[in-house]
Amino acid sequence: MSSHHEWVAEVVARHDAEKPFAPENGQPLRFKAGDCVIYTNPYGVEFRFRITGFYRPEQPCALYARGARYLVNSSSPWYPVSESRLRPDESRAGQEVRHG
């Protein structure tokens, strides 16, 4: 693969063919707006957030094709996170959650 654009095209094509993530695979999204979650980053560090919305890009996007569906109240609220990095935060259900 010689360019980022080719990589994106390959990732999007694989996603479109396999449909590995909700909701394209017929399964519902696990979380809804307002849910309290714990996000675990690639280094194993955990952060408590609230789901603020859903990522719905207007054009093909590698982030979406790799499972990023959720927006959270982080310091980068525009950057989507994958469901696989989230789990319910039962300890904060129904509570007001502030940034980070």
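Since this is a predicted model, take the numbers as computed values, not measurements. (Residues numbered from 1 in each chain as written. Predicted model: local features only at pLDDT ≥ 70, side-chain atom pairs only at ≥ 80, totals over all residues. Heavy atoms only, no water.)

Student: Any chance you could explain the pattern of salt bridges here in plain terms?
Tutor: Opposite charge on two side chains lets them pair, provided their charged atoms get close. The full count for this structure, using the stated rule, is five salt bridges. Its salt-bridge partner being E24, residue R69 comes within 2.7 Å of it at the nearest N-O pair. With R69 in strand β3 (residues 68–72) and E24 in the loop between α1 (4–18) and β1 (36–40), this pair connects stretches of sequence that are 45 residues apart. The exposure class of R69 is buried, given its relative accessible area of 3%. A salt bridge links R48 to D89; the nearest nitrogen and oxygen atoms lie 3.0 Å apart. Within this pair, whereas R48 is found in strand β2 (residues 46–54), its partner D89 is found in the segment after β5 (86–88), the two being separated by 41 residues in sequence. D89 sits in the buried class, given a relative accessible area of 3%. (Salt bridge = Lys/Arg side-chain N within 4 Å of Asp/Glu carboxyl O. Helix = DSSP H or I, 4+ residues; strand = E, 2+ residues; numbered from the N terminus. Buried < 20%, exposed > 50% of the residue type's maximum accessible area, 1.4 Å probe, protein only.)

Student: For this particular structure, what's the right way to read unusual backbone geometry?
Tutor: Only a minority of non-glycine residues have a phi that is not negative, and only a minority of peptide bonds are not trans. In this model, A22 is joined to P23 through a cis peptide bond whose omega is 0°. Summarising the element assignment, P23 is placed in the loop between α1 and β1.

Student: For this particular structure, what's the right way to read the pairing of β3?
Tutor: Residues in a regular strand project their side chains so that they alternate between the two faces of the sheet. Extensive coverage of β3 is indicated by the burial of five of its five residues. In this structure, β2 lies alongside β3, joined through three bridges in antiparallel fashion. Each bridged residue has a counterpart across the sheet, and for I51 the counterpart in β3 is V72. Summarising the sheet, β3 and strand β4 (residues 81–82) pair through two bridges and their orientation is antiparallel. Bridge pairing in β4 places A68 opposite S82. (Pairing = 2+ DSSP bridges.)

Student: Help me understand the packing of aromatic side chains in this model?
Tutor: For any pair of aromatic rings, geometry is given as the distance between the ring centres together with the angle between the planes. Applying the stated rule across the entire model yields five aromatic pairs. Between F47 and F49 the ring centres are 6.1 Å apart and the planes differ by 15°, which places this aromatic pair in the stacked class. Between F54 and Y70 the ring centres are 5.9 Å apart and the planes differ by 55°, which places this aromatic pair in the tilted class. Of this pair, F54 sits in strand β2 while Y70 sits in strand β3, and the two are 16 residues apart along the sequence. When its relative accessible area of 24% is taken as the criterion, F54 is described as partly exposed. Members of the aromatic cluster, connected to one another through ring pairs, are F31, F54 and Y70. Above the ring of Y64, the side-chain terminus of R69 is found at 3.5 Å from the ring centroid. (Phe/Tyr/Trp six-rings, centres within 6.5 Å; stacked < 30°, edge-to-face > 60°. Lys NZ or Arg CZ within 6 Å of the ring centre and 35° of its normal.)

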